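Read off the chains here:
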Amino acid sequence: MREGPRTTNTLAKKRYLVIYIVIMVLSAQALLIWFWFYWKLFSLNDVLFYILFPAWFFIGILIFILSSVIIAKIFLTFINLFHTPKQGVFTTSKEDKDYCYWSLRAVTKKWPIWLIRQLSLPFFEILAYKILGIETSFSNALDNAWIDCEYIKLGKNVRIGQGSLIMSNIIIGNKLIVREVSIGDNVIIGAHALILPGTIIGNNSIVDSNGLTLINQKLEPNSIYSGNPVEKYAAHDILPNRALLEKSIPTEDPMNSITKEFIREEVKELSVPFHFYIITGIIIIGFSFIIPGILFFMTLFGLIIPYLFSLPLSMTSFLNPTTYLIMLSIPLILIGLYLLHLFFVALFTRWFYKRADLRGASQGIYDRNLDDSSKALDYYHFRSFLMKYPIFAFSRSPFPWLLNWELRFIKSNIIGKSTVLEETFLHSHINFGKNCYLGTSSHITNHLVDGVYGSENLTFIGVSIDDNSVLNSITGGLPGTEIGKNSTLLPSSTTIKFDKIGSNGIYAGFPAQKLTKEEINKYLGGEYLGE
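Residues numbered from 1 in each chain as written. Predicted model: local features only at pLDDT ≥ 70, side-chain atom pairs only at ≥ 80, totals over all residues. Heavy atoms only, no water.

Undergrad: I'd love a proper account of the pairing of strand E23 (residues 457-460), names of residues and values included.
TA: Sheet analysis places strand E16 (residues 364-367) next to E23, joined by 4 bridges and oriented antiparallel. Paired with Ile365 across the two strands is Thr459, which belongs to E23. Here 4 bridges tie strand E22 (residues 447-450) to E23, and the two strands are oriented antiparallel to one another. For Val449, the partnering residue across the bridge sits in E23 and is Leu458. (Pairing = 2+ DSSP bridges. Helix = DSSP H or I, 4+ residues; strand = E, 2+ residues; numbered from the N terminus.)

Undergrad: Please give an account of a positive patch on the surface that cites residues and values.
TA: On the surface, a cluster of positive charge is contributed by Lys354, Arg355, Arg359 and Lys411. Along the chain, Lys354 falls in helix H11 (residues 321-359). (Patch = residues over 30% accessible without salt bridge, like charges linked within 9 Å, V, L, I, M, F, W, Y side chains within 5 Å. Areas by Shrake-Rupley, 256 points an atom, 1.4 Å probe, with all protein chains shown as cover. Salt bridge = Lys/Arg side-chain N within 4 Å of Asp/Glu carboxyl O. Lys, Arg positive; Asp, Glu negative; His and termini not counted. Charge placed at Lys NZ, Arg CZ, Asp CG, Glu CD.)

Undergrad: Explain helix H4 (residues 97-116) residue by residue, including any values.
TA: Taking 1.5 Å of rise per residue, the 20 residues of H4 would be expected to cover 28 Å, and the 29 Å separating its terminal C-alpha atoms lies within 8% of that figure. Remark: the principal bend of H4, roughly 35°, maps to Lys110, with a proline, Pro112, within the next four residues. For H4, the tally of buried residues reaches 17 of 20 residues, placing the bulk of the element in the interior. For H4, the side-chain oxygen to backbone nitrogen distance between the N-cap and Asp98 is 3.0 Å, and the N-cap itself is Asp96. (Expected span 1.5 Å × (residues − 1). Bend = angle between axes of the 7 residues up to and from the residue. Buried < 20%, exposed > 50% of the residue type's maximum accessible area, 1.4 Å probe, protein only. Polar contact = N/O pair within 3.5 Å; in protein donor to acceptor, adjacent residues only side chain to side chain.)

Undergrad: Tell me what's going on with the sheet that holds strand E13 (residues 218-219), and back it up with residues and numbers.
TA: Strands pair in a sheet through their backbones, by hydrogen bonds, and they do so in one of two ways: parallel or antiparallel. Taken together, 4 strands build an open sheet; the order of strands is E3-E8-E11-E13 and the sheet is parallel. At either margin of the open sheet sits one strand with a lone partner, and together these are strand E3 (152-154) and E13. Where strand E11 (residues 200-201) lies against E13, 2 bridges are found, and the strand directions are parallel. Looking at the pairing, Ile200 lines up with Lys218 of E13.

Undergrad: So, the pattern of salt bridges: which residues are in play, and what are the values?
TA: Taken as a whole and judged by the stated rule, the model has 8 salt bridges. The shortest N-O distance in the salt bridge between Lys232 and Glu220 comes to 2.9 Å. Taken together, the residues Lys232 in strand E15 (residues 230-235) and Glu220 in the loop between E13 and strand E14 (223-227) connect sequence positions 12 residues apart. Exposure remark for Glu220: the relative accessible area of 43% places this residue in the partly exposed category. Members of the salt-bridge network, linked through shared partners, are Arg105, Lys109 and Glu150.

Undergrad: Got a sec to walk through unusual backbone geometry? Specific residues and values, please.
TA: Put simply, Asn228 and Pro229 share a cis peptide bond, and its omega is 0°. Examined against the element boundaries, Pro229 turns out to sit in the loop between E14 and E15. Cis geometry marks the peptide bond from Phe510 to Pro511; its omega dihedral reads -5°. Relative to the elements of secondary structure, Pro511 occurs in the loop between strand E30 (506-508) and strand E31 (513-514). Look at Ser418: it is not a glycine, yet its phi comes out positive at around 70°. Tracing the backbone through its elements, the reader meets Ser418 in the loop between helix H13 (402-410) and strand E17 (420-421). Ser418 gets classed as buried once you look at its relative accessible area, which sits at 12%.

Undergrad: Describe the confidence of the model for the protein chain, and please don't skip the residues or the numbers.
TA: On average, residues of the protein chain score 86 in pLDDT, and 87% of them are at 70 or above. Low pLDDT, under 50, characterises residues 1-11; the predicted model gives this stretch 52 contacts beyond four residues in sequence or across chains. (pLDDT = per-residue confidence, 0-100. Contact = heavy atoms within 4.5 Å.)

Undergrad: Tell me about the packing of helix H2 (residues 29-41) against helix H3 (residues 47-82), residues and numbers included.
TA: It is at 9 Å that the axes of H2 and H3 come closest, and there the two elements cross at 160°. Between H2 and H3, the angle falls in the class roughly antiparallel. Once H2 is placed against H3, the crossing between them reads as right-handed. When the residues that make up the contact of H2 with H3 are grouped by side-chain class, the tally is 19 nonpolar, 2 polar and no charged. (Axes fitted to C-alpha atoms, helices over the stretch in contact; angles between N-to-C directions. Parallel < 35°, antiparallel > 145°, perpendicular 65-115°, else oblique. Left-handed = near helix turned anticlockwise from the far one by under 90°. Nonpolar A, V, L, I, M, F, W, Y, C, P; charged D, E, K, R; others polar.)

This is how it looks when you write it as structure tokens:
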């Protein structure tokens, strides 16, 4: 599920965090009881303890997931009693109750959806979606797609390609648009396609890979759509026959036309030895687990076993308030140990990054074949290598908003207050102002290779994104881009090198162009004119 809240209300954020932690702690109770029961069944000296443990552990994870879904559903039920979910256009501020409750519902669903996405178990994923409110079928294949958990209707035998986004909400400037998405039976959506709010797709239709629907767009049944935005280009009955299709596919290996001299490059000694990459990777990843690992075993043998698992699994234990205190404290301790691991990841990365930054290339354009440039770029590549695992560890964690803190701590980026970075591809020297938003699967880069292999240059220039700017899902930004205040890039938009995006506009396409009122009305389905 995509990130929920984007609000400048610090108090509201704290409330969201408290609810999020409470759901995590409560959903862990069934798992604790499950392992408590296992501890009573077998002794540590019993061979069966170790033989059956993997299967018991796997079942425990499934119990953990189902428990988190049920706890989230209970919270959602109470939340909806206070405020009924609505479709519409809302202002992204604390004064708008519809927006605040939408954010609260998104936070409530985030933990179970994060858990289910860690395992490739389609049945349980669909079950979780159904419990949380999506109309779907067990005959569907979601293939690791991103699907919003509200106002989504999926028919039967729907196939959604990897990396696709089914969005029932989108942020445009300071507005949140929420509209139901309805997808009919036997629909195929290609990889990395974007289905925007309000889209209706008829039965037996196909949306090609990288296709983008418009808000409130209606796609006819039995049709094939392609493009950005998608347009109908064929009906099922005029699909090319197999013979013509096979004839159109080239069979010759394209590498046969490339000479060995073309792909040959002079081997140069790296300024940063290869084994140093290995050593730093081991330190950042492996060493960050040492202290949390020690503390975990201290918690296990000093708290969990003697004060919980050693108790009889009976009503007497459950009538003791101390038992509940211990059971509630254990998840909090484990969350703390996980956060400690993330802290050490950031700490070790900061130490290495600082030293690589002193020796690395400053921003500019470099000839990769010149020795001086090559040495400077070696440290640039090493610096980029250092950022890979830390960004992955934070953005894929249950606490992705900590990515902002991490980038500030490492001092690789400037991240303004209240900015939201979803699960994206991000490099150093990408700087954000206040209250910005970067959507799922976007890629903002500080470098680009120009020219053919063996004689290319590398452009290394940062990107500047000013206050209140919105870069929606699967947007791209190339080196040197400057984006003004209060600007919005619609999904699947991309800038070019050294692009200058003005303030107070809505942009779309490649290269991103400012839309007129007529074009805004078309893209946004008449929901909002950008005023």
